[in-house]
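Take a look at the letters that make up each chain.
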Amino acid sequence: MSATFGGRSGRQGKLSRWLRGRRPKEAAGDGGRETLLLAAAAAGLPLAPAAHPAPGYRCSCDRVGCPTPARHPVSFAWQTQSTTDRAQIERWARHQPDANFITATGMVHDVLDVPLEPGREALERLLGSGVEVGPVAESDDGRLLFFTLTRGTPEDEDEWWPCELDCHPETMDEHPGLRWHCRGSYVLVPPARLPGDERRVRWVRGPEHALPDPLSLLEVLTDACSRYAGADHQGAAWPLRH
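Notes on the structure follow. Quantities reported herein were computed from a predicted structural model and do not represent experimental measurements.

## Brief notes about the sheet that holds strand 6 (residues 136–139)
Then comes step 1: Spatial ordering of the open sheet is given by 8-5-7-6-11-10, a layout of 6 strands whose pairing is antiparallel. Single-partner strands in this sheet number two, and they are strand 8 (179–181) and strand 10 (192–193).
Then comes step 2: Relative to strand 11 (residues 200–205), strand 6 runs antiparallel, the two being bridged by 4 bridges. The partner of V136 across the bridge, within strand 11, is R205.
Then comes step 3: Across the sheet, helix 5 (residues 116–128) is in contact with strand 5 (109–115), strand 6, strand 7 (143–149) and strand 11; its angle to strand 7 comes to roughly 45°.

See below:
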């Protein structure tokens, strides 16, 4: 897919600077964390507790050499455990004050997960063109997450498979392009902490924004990723999750 866009206007330049410099105001302390989690659940994002950073760039889980420290659920039953129930999320947040949270995709929403640089470029273009963009999260490990409606389960199951089947945590570095998180996958939901000093996942556009159809964003995102790949990652694979 490809798209052609005009030259950068003054408005687009200002938008670019806003996107690169903006950091949403997140309330400090556990109260702010809980408020943000409840806002995500109220928007329909099913949540479940996840691991958190431990000293020495390690994960709070007991797995030696964890491939995704602080980025994975704590329970193998995370898909059935994920919920939008306010009381349950309050209990989790208060009883597990250090925990990150994941949101299970493919139930209510999907996530289009792209490298930060082309993601910012695509977001600028989408907003500048008046396209309805939903919630967007930025991760300090170099990714931008676009939250969309899920496509649901198609009639032909052979044409649909979860993200995890072709992109495992151990092979993430080999697949630096667009990842479509759908049924069977998950992403961290803000606010989340990553290993390292002050590394986080935060909202760029919060969950109060309505979830868009993923196809309304896909062309611009794939175009930005393709040009980024051609410039910086020649020969790399850029898989499309669907």
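## As for unusual backbone geometry
Most peptide bonds take the trans configuration, and most residues that are not glycine carry a negative phi.
Then comes step 1: Across the junction of P190 and P191, the peptide omega takes the value -5°, indicating a cis bond.
Then comes step 2: Considering the arrangement of structural elements, one finds P191 in the loop between strand 9 (186–188) and strand 10.
Then comes step 3: Positive phi outside glycine occurs at Y57, with the angle close to 60°.
Then comes step 4: By secondary structure assignment, the location of Y57 is in the loop between strand 2 (53–54) and strand 3 (58–59).
Then comes step 5: Owing to a relative accessible area of 60%, Y57 belongs among the exposed residues under this scheme.
Then comes step 6: Phi angles above zero are rare outside glycine, and A70 is one such case at about 65°.
Then comes step 7: For A70, the position within the fold is in the loop between strand 3 and helix 3 (78–81).
Then comes step 8: Here A70 falls in the buried class, since its relative accessible area comes to 0%.

What counts and what doesn't
- Residues numbered from 1 in each chain as written.
- Predicted model: local features only at pLDDT ≥ 70, side-chain atom pairs only at ≥ 80, totals over all residues.
- Heavy atoms only, no water.
- Pairing = 2+ DSSP bridges.
- Helix = DSSP H or I, 4+ residues; strand = E, 2+ residues; numbered from the N terminus.
- Contact = heavy atoms within 4.5 Å.
- Axes fitted to C-alpha atoms, helices over the stretch in contact; angles between N-to-C directions.
- Buried < 20%, exposed > 50% of the residue type's maximum accessible area, 1.4 Å probe, protein only.

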